[in-house]
Protein chains: 2
Amino acid sequence: MNKYYYTYQEFIKDINSISLPPFDALIAIARGGMTIAHFLAEKFETREVYVINAISYENEKKLGKPKIFNIPNLENKKRVVLIDDISDSGETFVEVKKTLLEKYPNLEVTTLALFYKEKTTLIPDIVLHKSDKWIVFFWDKEGQNVN
Amino acid sequence: MNKYYYTYQEFIKDINSISLPPFDALIAIARGGMTIAHFLAEKFETREVYVINAISYENEKKLGKPKIFNIPNLENKKRVVLIDDISDSGETFVEVKKTLLEKYPNLEVTTLALFYKEKTTLIPDIVLHKSDKWIVFFWDKEGQNVN
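Because the structure is predicted, anything quoted here is derived from the model rather than measured. (Residues numbered from 1 in each chain as written. Chains lettered and ligands numbered in written order. Predicted model: local features only at pLDDT ≥ 70, side-chain atom pairs only at ≥ 80, totals over all residues. Heavy atoms only, no water.)

Caption draft 1: How the structure looks around the interface of chain B and chain A. Between chain B and chain A, the contact holds 36 residues from the first and 36 residues from the second. Between chain B and chain A lies a buried interface of about 3500 Å² when both sides are counted; carbon and sulfur atoms form 53% of it. Inspection of the region where chain B meets chain A yields 4 salt bridges. Where Arg31(A) meets Glu42(B), a salt bridge forms, and the shortest distance between an N and an O atom there is 3.7 Å. Run the count over chain B and chain A and you get 18 residue pairs in polar contact (both at pLDDT 80 or more). When contributions to the side of chain B that touches chain A are tallied by element, the ones reaching two or more residues are helix H1 (8–17), helix H2 (34–43) and strand S3 (49–58) of chain B. When residues of the side of chain B that touches chain A are assigned to their parent elements, the largest contribution, 8 residues, is made by H2(B). (Contact = heavy atoms within 4.5 Å. Buried area = accessible area lost by both parts, 1.4 Å probe. Salt bridge = Lys/Arg side-chain N within 4 Å of Asp/Glu carboxyl O. Polar contact = N/O pair within 3.5 Å; in protein donor to acceptor, adjacent residues only side chain to side chain. Helix = DSSP H or I, 4+ residues; strand = E, 2+ residues; numbered from the N terminus.)

Structure representation (structure tokens):
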């Protein structure tokens, strides 16, 4: 598959362009959403930034469904923005959202990603780019020394 | 106070220079440690990257002690690296470490930060720079468009 190197410079442009609806907390899906959520929390001046873990692979083997754990405490939160780098198959977003809503049925979840793929089952509510290339993010091991 | 702008380019050099002892999980202190932990997790190819929340300010008012919450599940983990951007007064590291050890008394905690200040009560086990300037990180709101 063709690779696309997503650089820090593009990321800064993207962060600048993002508007968010009113929210009570930002929730990053680890690992992919961590840097984005950090930058958005600083941009929008909130300390309400949490992380949830979702693991789709174990020892190189794809799990049937992502394992989701370390669910943050969202009592008293109503509107959250759920953040990942890419909506690839869409499965991670779908499962994390389901898990959050099982625990907090009244939560309003807005999904946000930088990229989505044609084949995804969940096009994020806020999303910047569509690409069917293999995205190498600047935080990926391979991307860390590219720009 | 003099400001020092810590750029993405310096950060990449720093990430490249970091070696870690054997560990079972990386734990970022939010917000400051999130981007560092993300890059280190990718560099060292681990999905075991968690986040703990520590809040020292509420409505611009400094709290007596940082409020620590969303403690990740560390059952079956022995050695963790606790990550923040800076050890300023040292209080956040001290309190987060104490909280983790109260819940997991046998945990071996290695602390890591990019910067520490002369006055800190906790010089991190792994730390790259000493500075008594006000550090503007590239992920800070003010730093996001500097480089």
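Caption draft 2: Looking closely at the sheet that holds strand S5 (residues 79–87) of chain A. Residue and element names in this part refer to chain A. Taking strand neighbours across the sheet as the criterion, the 6 strands line up as S4-S3-S2-S5-S6-S7 in an open arrangement whose pairing is mixed. The open sheet has two free edges, formed respectively by strand S4 (61–69) and strand S7 (126–130), since each of these has just one partner strand. Put simply, the sheet's adjacent strands are angled 20 degrees from each other on average, direction ignored. Sheet topology note: the strand S3 (residues 49–58)/S4 ladder contains 5 bridges and is antiparallel. Counterpart to Ala54 in the pairing with S4 is Ile68. (Pairing = 2+ DSSP bridges. Axes fitted to C-alpha atoms, helices over the stretch in contact; angles between N-to-C directions.)

Geometric values such as these leave the question of function open.
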